[in-house]
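Chain by chain, the residues run as shown.
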Amino acid sequence: MSSINLGIAAPPRTSLLEWLTTTDHKKIGVMYIASAFGFAAIGGLIAELIRLELAAPGQQFVNAATYDQLFTVHGTLMLLFFAGPLAIGFANAIMPLQIGAADMAFPRLNALSYWLFLFGGLIVMSGFLTTGGAAAAGWTGYAPLSSSTFSPGAGMDLWIVGVALVGVSGVLGAVNFMVTIYARRAPGMHMFRMPMFTWTVLVTSTLILFAFPSITAALAMLFIDRHFGGGFFDPTQGGNPVLWQHLFWFFGHPEVYILILPYFGIISEVVPVFSGKPLFGYRFMVLAVIAIASLSMGVWAHHMFTTGQVDLPFFSLMSLLIAVPTGIKIFNWIATMWRGSLRFTVPMLWCIGLLYVFTIGGISGVMLASPPIDYMAQDTYFVVAHLHNVLIGGTVFAGFAGIYFWFPKLTGRRLDEGLGKIHWLLWVVGFAVTFIPQYVLGAEGMPRRIADYPAGRGWDLPNLISTIGALILAVGTLPFLLAVWRAMRRPADQPADPWGANSLEWATSSPPPHHNFDRLPPIRSLRPVFDERMAAEAERRARGEGAAGPTAGPAAAGGTG
Amino acid sequence: MSADATVLPAAAGRVKTASHPARGLGNPVLGMLLFITSEVMFFAGLFAAYFSIRAGHTEVINGVATHVWPPTQDVGILNPWRLTTESGALNLIVPATVILILSSFVCQWGVLAIRRGDQRTFVRAISLTFVMGVAFLLLQAYDYTVLMHEGVTLSTGLFGSTYFTLTGFHGLHVLGGTLMLAAVAYRGRAGQFNARRHDMVEAVSLYWHFVDVVWIVLFSVLYLV
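Rules used throughout
Residues numbered from 1 in each chain as written. Chains lettered and ligands numbered in written order. Predicted model: local features only at pLDDT ≥ 70, side-chain atom pairs only at ≥ 80, totals over all residues. Heavy atoms only, no water. Helix = DSSP H or I, 4+ residues; strand = E, 2+ residues; numbered from the N terminus. Rg over C-alpha atoms; globule rule 2.2 N^0.38 Å. Buried < 20%, exposed > 50% of the residue type's maximum accessible area, 1.4 Å probe, protein only. Contact = heavy atoms within 4.5 Å. Areas by Shrake-Rupley, 256 points an atom, 1.4 Å probe, with all protein chains shown as cover. Lys, Arg positive; Asp, Glu negative; His and termini not counted. Charge placed at Lys NZ, Arg CZ, Asp CG, Glu CD. 1 Å grid on protein atoms, 1.4 Å probe; cavity = no way out; pocket = protein on both sides within 12 Å on 5 of 7 lines; lining within 4 Å. Points joined across faces, edges and corners; volume = space filled by probe spheres on them. Nonpolar A, V, L, I, M, F, W, Y, C, P; charged D, E, K, R; others polar. Pairing = 2+ DSSP bridges. Phe/Tyr/Trp six-rings, centres within 6.5 Å; stacked < 30°, edge-to-face > 60°. Lys NZ or Arg CZ within 6 Å of the ring centre and 35° of its normal. Core = buried A, V, L, I, M, F, W, Y, C linked by side-chain atoms within 4.5 Å.

How should I be thinking about the overall build of chain A in this particular structure?
Looking only at helices and strands, chain A features 17 helices and zero strands. In terms of overall size, chain A behaves like a compact globule, its C-alpha atoms giving a radius of gyration of 24 Å where 561 residues would be expected to give roughly 24 Å. Dimensions of chain A, computed from C-alpha atoms along their principal axes, come out at roughly 80 × 50 × 45 Å. Among the 561 residues that make up chain A, the fraction classed as buried is 59%. Within chain A, counting contacts between residues at least 6 apart in sequence, those at least 24 apart form 80% of the total. About 20,700 Å² of surface is accessible on chain A, with carbon and sulfur atoms providing 70% of the total. Where the 31 positive side-chain charges of chain A centre and where its 28 negative ones centre are 11 Å apart.

What follows is the structure, given as structure tokens:
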């Protein structure tokens, strides 16, 4: 930001205009996070509708056609407009602070990315307003179901355009993150002093760069098939429907790692702070992230085992191998906690919840990577249970950890601990009640994407339990919303470093000024804020004043910058 | 850089944050290289579709399913070395290719000029590159009209679908490139670039070389192999 302050105040702008036109990475980050939660709320309400319909055999609330639209939009919103953009929101808001930058490398491009994402989501949802309804071919949009023959409505076209927009937004964002990390690190911030979250943003951006264009190309060809008589995915013209699956999953599988790696980064930030120890095996954690990302480019066809057109041993082996670096990360988090002085704050509780829940999801993923099991479980509720297990137990739990952790930094206010603990408890319980029965349903052969099922197959009770669990999750969200509402009504009173944390974002005020840093502490290790706090404490002790609490913050250290 | 430092207590001093690296690639150049990476993957997706369809295309010849490409109905349409097409129209795809390849050299001539600080040559070279880009687009439009006249469109089978999709997306990228070149030429005329500050020129030239390379691959795959 190269504005020159000559003592003349900028003309006052209304706060609405400021938000609409901002190029400040923190504001854009907050808008990303808020919009992502908005889409999650809509996707979540749709999920409740789906679960209510499935609570008992027979059709109660929605007909089969509407049901198809509901699960399609639910999946699209949750994956592409919530889980991904939430991570991009954190990356926007936090990453430049962590490397001591004043803003992103291309602030205006950053604003463009946000608006493309927002309108992409609105365009997908606007399908509900068309006569044919929204897209109904599933979030995977498999050909030929997505062709003009089987999905003639405008909803499918709106889906294509919306997803293409968020794809372009992701690529532009990834370029921006990578250049920012390359070029705007503060003096002393070497690559191997970067916090884990920044590392995961860098690696995730690389994945986005390689994976997203594949879906853009596929969507372009689908659009040509639908409107200009092309034959790419049309077998009657000699096209190849499995080609769509290849192009989709070449995007789709790296995408699920795009949806988890930044959240691994969040866990790697939160656990050391509340364990009172440095992150165990930092370099191995970095290598594990790079290993996961590399392997993830070679596993896409494990979604296509049952097409009979893929090399089963290769894709099975690659998928199984991913469990190794992921396991390294899980054990390193546990080793970080080992013999630490644990503080069970709300962000830390989400991390501990993740260690249990995500690991179960990871194990069911290893099961699905084995072709014999996959042949049986393909398109059953076992897959539904697995993907929600990793996406809620991984992405959402870590997302909430990040929200509770960085809320003071972004707003200057702290979320209520009591409400946060209720929120956490209801979600851990609600998660298990919702999704463990779905593993049972899958093992009993209940297919996914059906609006109704016959009674008397033993599917009634697990479905009912699962629906009750979904309602627990919905109720469990209310304490969170209440905590946010109550916090925002209070004045901003949080110090720069309310947690006694390590990385650079805690060296500036909460919320940070527009230019981020009035002063930077010296960066001589992975934990510059910790170093400064220790130095200040040593100085106080030398003067015989005794140690200060963990919230004294680096302000007491004086102008060592 | 951060002039807000003027309103801080004097003791706080100036904050050292980086806006660009002291040496190495400039931000626009690195950003463009990364963007080109994603563009390579985009074209890789289109090429993957093309090769998959081409490899899977069979026709029944003498009662036996045989792999042929191009499809029998489209055989003979794409011969770059003939002066006229089947309908007798001029075949200008080789001149178009030559113009695009030469434009990359002209573009680089302009980049070398601005590196020395020679603004006159720079503006001339970039303007010429722009004109050559537009000429390529016009020739491609002409090529499309000829093909459509001979009955090949997006919807006349796999050959038309793949041909127009691949060349069409390449054409859109050339169009984007010419717009960037126009912006560079306009800013160059206004004297906004010099030997030290011309990152945008470098970035745009990289993009132009990229669309050129894509065309070389595309031409080879569609017309020669």
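How should I be thinking about empty space enclosed by the protein in this particular structure?
Any empty space left between the atoms is revealed when a probe the size of a water molecule rolls over them. All names here are of chain A. Across all of its chains, the model carries eight cavities of 30 Å³ or more by this definition. Forming the walls of the largest cavity are 16 residues, and the residues nearest its centre are Ser268, Glu269, Pro272, Asn502 and Leu526. Split into classes, the residues belonging to the lining of the largest cavity amount to eleven nonpolar, three polar and two charged. If you add up the space inside the second largest cavity, you get close to 110 Å³.

Even after reading the chapter, I still don't get the pairing of strand 2 (residues 64-67) of chain B, so can you show me in this structure?
Side chains on a regular strand alternate between the two faces of the sheet. All names here are of chain B. As judged from the four bridges shared by strand 1 (residues 58-61) and strand 2, these two strands associate in the antiparallel manner. Paired with Thr58 across the bridge in strand 2 is His67. The hairpin formed by strand 1 and strand 2 contains two residues between the paired strands, and Asn62 there has a positive phi angle of roughly 55 degrees.

Explain the packing of aromatic side chains here, please?
For any pair of aromatic rings, the description consists of the separation of the ring centres together with the inter-plane angle of the planes. Counted under the stated rule, the structure contains 60 aromatic pairs over all chains. Aromatic side chains Phe250 of chain A and Trp300 of chain A sit 5.2 Å apart centroid to centroid with 75 degrees between the ring planes, which places their arrangement in the edge-to-face category. Linking Phe250 of chain A in helix 7 (residues 241-258) with Trp300 of chain A in the loop between helix 9 (282-296) and helix 10 (312-321), this pair joins segments that are 50 residues apart in sequence. Looking at Trp300 of chain A, the relative accessible area reads 19%, which means it is buried. Members of the aromatic cluster, connected to one another through ring pairs, are Phe47, Tyr50, Phe51, Trp69, Phe136, Tyr144, Phe159, Tyr163, Phe164, Trp215, Phe219 and Tyr223 of chain B. Cation over ring: Lys27 of chain A sits above Trp19 of chain A, and NZ or CZ is 5.6 Å from the ring centre.

Where do I start with the nonpolar core in this structure?
Nonpolar side chains in soluble globular proteins tend to end up buried together. With 228 residues, the main nonpolar core has Phe233, Leu261, Trp333 and Trp350 of chain A together with Phe122 of chain B as its most contacted residues. Those residues in contact with Phe233 of chain A that lie beyond four places of it in its chain are Ala143, Ala218, Met221, Leu222, Asp225, Gly239, Asn240, Pro241, Leu243, Trp244 and Leu247 of chain A. With six residues, the next largest nonpolar core counts Leu368, Ala377, Ala385 and Tyr439 of chain A among its residues.

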